[in-house]
Amino acid sequence: MIENKKKPNPIDIHVGSRIRLRRTMLGMSQEKLGESLGITFQQIQKYEKGTNRVGASRLQNISNILTVPVSFFFEDAPGEQSSGSAGMAEASSSNYVVDFLSSSEGLQLNRAFVKIADPKVRRKIVDLVKALGAEADAE
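Since we're looking at a predicted model, the values are computed, not measured.

## A look at the nonpolar core
Across soluble globular proteins, you tend to see nonpolar side chains buried next to one another. Counting 19 residues, the largest nonpolar core has Ile19, Leu33, Ile62, Leu66 and Phe73 as its most contacted members. Of all the secondary structure elements, the ones that give two or more residues to this core are helix 1 (10–25), helix 2 (30–37), helix 3 (41–49) and helix 4 (56–65). Considering each element in turn, this core owes the most residues, 4 residues, to helix 1. Residues within four places of phenylalanine 73 in sequence aside, it is in contact with His14, Val15, Arg18, Ile19, Leu59, Ile62, Ser63, Leu66 and Val68.

## Brief notes about the side chain of threonine 24
You can see threonine 24 is positioned in helix 1. Apart from the residues lying within four places of it in its own chain, the contact partners of threonine 24 are Leu107 and Arg111.

## Some thoughts on the pattern of salt bridges
For the structure shown, the criterion picks out 5 salt bridges. Residue arginine 18 is joined to glutamate 75 by a salt bridge in which the shortest nitrogen-to-oxygen separation is 2.9 Å. Note that arginine 18 is positioned in helix 1 and glutamate 75 in the loop between helix 4 and helix 5 (87–102), a separation of 57 residues in sequence. The class of arginine 18 is buried, set by a relative accessible area of 4%. Judged by its relative accessible area of 38%, glutamate 75 falls in the partly exposed class. Residues arginine 20 and glutamate 48 are paired through a salt bridge, measuring 4.0 Å at the closest nitrogen-oxygen approach. One end of the pair, arginine 20, is in helix 1; the other, glutamate 48, is in helix 3, and 28 residues separate them in sequence.

Analysis parameters
Residues numbered from 1 in each chain as written. Predicted model: local features only at pLDDT ≥ 70, side-chain atom pairs only at ≥ 80, totals over all residues. Heavy atoms only, no water. Core = buried A, V, L, I, M, F, W, Y, C linked by side-chain atoms within 4.5 Å. Buried < 20%, exposed > 50% of the residue type's maximum accessible area, 1.4 Å probe, protein only. Helix = DSSP H or I, 4+ residues; strand = E, 2+ residues; numbered from the N terminus. Contact = heavy atoms within 4.5 Å. Salt bridge = Lys/Arg side-chain N within 4 Å of Asp/Glu carboxyl O.

The following block contains the structure:
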């Protein structure tokens, strides 16, 4: 028997994972995003897994709701060739950021950090984290 099940396109999987990343960064549920779009949370699940392809107008609506440009969903997409001389270091550093924000600790830190209104306090926290990182490197 011939299996006619289509595998999701790698770009659809990537776009879906970026939708999920941004949605979780904002602390938004699949249900809330679905309500905002007038669709079910199951449809959001299918988009996030890459099972269903997101149409252009729907992706535009998602980008508005998640307050990111449409290009956000295509950053670091598979097969994407960077034009110019970005180099390997830049690509791996942006992947590191995505990996960090996908982790539980990174997400918690990000959510807590953006709630700090005072820019001086935020700066001191960044300085503290840098100092702790430098200490770990020196050991």
